[in-house]
Amino acid sequence: MNESTEKHQRIRQLSLGLLFGIIFGFLLQKGGVGKYHVLMGQLLLEDFTVLKIMLTAILTGMIGVFWMNRRSWVELDIKPTRPVANAIGGLLFGMGFGLSAYCPGTNAAAIGQGNFDGFAVAAGMIIGSYLFAEAGNFFKSGFFDRGNMGKVTLIDLLKTTRRPTIALAAAALIIVLVVVERIGGR
Amino acid sequence: MNSFHPAAILAQAADVSPLDYPGPAWSPYLVGFLIGVLSWFTLLLSKDTLGASSSYATISGMLGKVFAKKHTLSLAYFQDNPPRISWGFMLFIGIFAGAFLAAATGNELTGRWLPPMWEARFGADSHLLRTGIAIAGGLLMAVGARLAGGCTSGHGISGTMQLSIGSWISAAGFFIGGIFVAMLLYRI
């Protein structure tokens, strides 16, 4: 690939990123998840907006992504499963989420809609990211890497084919959505 | 009233309800569906998935390069993930603009430091407390996200939809930890 094509490719990729980001941010705000009380309401189990958005996105995304993958249009982009790192990192993240109410993506949406306390969350995230980098190999150690399963999905775990797994996951997601809608809240 | 004093905090209304404040402008099912569709197109056209947390690390690396270039570039994390403008970083920048557009068109621009629900619980003079808690929250989220390998977007939406086991474990952790701390803040 010559240099100008490479540059053109990079500009196209970055522009697409910006466009997708604008759409994502627009949707997050319209979905109410730039609002402190909607996020905190989910963690207090009184407002289920966040769960409704996430589960509907997962359901829609899953069906489309696996369908496109089957037709060889897209490659899956899966992160390795490291149970210890996922669980401990997930819980640490969750505690920070509970304190700030904004998560990294919705924090950007919160700032975009004018919630200035999001800047303090961003400052904490930036400092925390640097501290993580400073910690170097500590978080890569054997303890955190115990049970590393590599890039593994539910399909591999159930030792079955795709279609039944996806059907099962879709059914489970729909059931949870129906239950959440029934028990009310928002 | 000194809002840092535990008794003062407890004296505030203990039954602040998130439902007293306006909900989403659009149906969450519509928004979820559209985010799902968006995820098809990011994978199809950009070969990448929605995520946000690593962009804060990119910014930390960029700032690190300004203040301590040699040291920053010597860190393994920044060698593996060079702090430069990428697709994911542009996506992150776009979120601010998109949310601003959405709030402006929906008359939902807030322009305030303290969220109303926070204020109802911790008082109108609790700016320092909110700032401290927000920074602490950000710190924990950054370390947690880097350790787990993603955040509510990267694992919670992009990874779970591909049925990745690690993403489902992480997402469970996000909500277990979050519910625990939220209950401590508002319901104890």
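Residues numbered from 1 in each chain as written. Chains lettered and ligands numbered in written order. Predicted model: local features only at pLDDT ≥ 70, side-chain atom pairs only at ≥ 80, totals over all residues. Heavy atoms only, no water.

Colleague: Quick question: what am I supposed to make of the pattern of salt bridges here?
Modeller: Should the charged atoms of two oppositely charged side chains come close, the side chains can pair. With the rule as written, the count across this model stands at eight salt bridges over all chains. The salt bridge involving D47 of chain A is made with R186 of chain A; its shortest N-O contact spans 3.1 Å. Of the two residues, D47 of chain A is situated in the loop between α2 (36-43) and α3 (49-70) and R186 of chain A in the segment after α9 (162-183); the sequence distance between them amounts to 139 residues. By relative accessible area, D47 of chain A is classed as buried at 0%. The exposure class of R186 of chain A is partly exposed, given its relative accessible area of 22%. D80 of chain B is paired through a salt bridge with K140 of chain A; the nearest N and O atoms lie 3.2 Å apart. (Salt bridge = Lys/Arg side-chain N within 4 Å of Asp/Glu carboxyl O. Helix = DSSP H or I, 4+ residues; strand = E, 2+ residues; numbered from the N terminus. Buried < 20%, exposed > 50% of the residue type's maximum accessible area, 1.4 Å probe, protein only.)

Colleague: Teacher, can you tell me more about the nonpolar core here?
Modeller: Across soluble globular proteins, nonpolar side chains have a tendency to be buried as a group. Judged by nonpolar contacts, the single largest core of 79 residues is most densely connected at M40 and M62 of chain A together with I35 and Y186 of chain B. Top contributing element to this core by residue count: α3 of chain A, with 11 residues. Mapped onto the domain boundaries, this core takes at least three residues apiece from domain 1 (1-78 + 153-186) and domain 2 (79-148) of chain A. (Core = buried A, V, L, I, M, F, W, Y, C linked by side-chain atoms within 4.5 Å. Domains from an automatic or database assignment.)

Colleague: Any chance you could explain the packing of α3 of chain A against α9 of chain A here in plain terms?
Modeller: A pair of packed helices is characterised by two quantities: the angle between their axes and the separation of those axes. Residue and element names in this part refer to chain A. Running from N to C, α3 and α9 point in directions that differ by 165°, and their axes come no closer than 10 Å. With respect to each other, α3 and α9 are oriented roughly antiparallel. Helix-helix and strand crossings are classified by hand; for α3 and α9 the assignment is left-handed. Taken together, the residues of α9 that come into contact with α3 (itself represented by L51, K52, L55, T56, I58, L59, M62, F66, N69 and R70) are R162, R163, I166, A169, A170, L173, I174, V176, L177, V180 and E181. Its residues assigned to classes, the contact of α3 with α9 comprises 14 nonpolar, two polar and five charged. (Axes fitted to C-alpha atoms, helices over the stretch in contact; angles between N-to-C directions. Parallel < 35°, antiparallel > 145°, perpendicular 65-115°, else oblique. Left-handed = near helix turned anticlockwise from the far one by under 90°. Contact = heavy atoms within 4.5 Å. Nonpolar A, V, L, I, M, F, W, Y, C, P; charged D, E, K, R; others polar.)

Colleague: Looking at this structure, I do not really get the packing of helix α5 (residues 104-112) of chain A against helix α6 (residues 87-105) of chain B. What am I missing?
Modeller: One way to put it is that α5 of chain A packs onto α6 of chain B with a least axis distance of 7 Å and a crossing angle of 45°. In terms of orientation, α5 of chain A and α6 of chain B fall into the oblique class. Relative to α6 of chain B, the crossing made by α5 of chain A is right-handed. Within the contact between the two elements, α5 of chain A uses P104, G105, A108, A109, I111 and G112 of chain A and α6 of chain B uses F92, I95, F96, A99 and F100 of chain B. Tallied by class, the residues present in the contact of α5 of chain A with α6 of chain B amount to nine nonpolar, two polar and no charged.

Colleague: How do you make sense of the interface of chain B and chain A when you look at a structure like this?
Modeller: Interfaces are often described in size by the accessible area the parts lose on coming together. With 123 residues of chain B at the contact, the number on the chain A side is 116 residues. For the chain B and chain A pair, buried surface summed over both sides reaches about 10,600 Å², with 74% attributable to carbon and sulfur atoms. Of all residues in chain B, the largest losses of buried area upon contact with chain A belong to Y56, M141 and L147 of chain B, amounting jointly to 8% of the total for that side. Taken together, the links from chain B to chain A amount to four salt bridges. (Buried area = accessible area lost by both parts, 1.4 Å probe.)

Colleague: Mind showing me how you'd approach unusual backbone geometry here?
Modeller: The phi torsion of most residues other than glycine is negative, and most of the peptide bonds are trans. All names here are of chain A. Backbone geometry places L45, a non-glycine residue, at a positive phi of 60°. The topology assignment puts L45 in the loop between α2 and α3. With a relative accessible area of 41%, L45 lands in the partly exposed category.

Colleague: Explain α3 of chain A here, please?
Modeller: Since one α-helical turn is 3.6 residues long, residues separated by three or four positions face the same way. All names here are of chain A. The end-to-end C-alpha separation of α3 is 32 Å, in line with the 32 Å expected for 22 residues at 1.5 Å each. Of all 22 residues making up α3, 18 are buried, and the element is well covered by its neighbours. In the stretch just after α3, S72 is the one whose phi turns positive, near 60°. (Expected span 1.5 Å × (residues − 1).)

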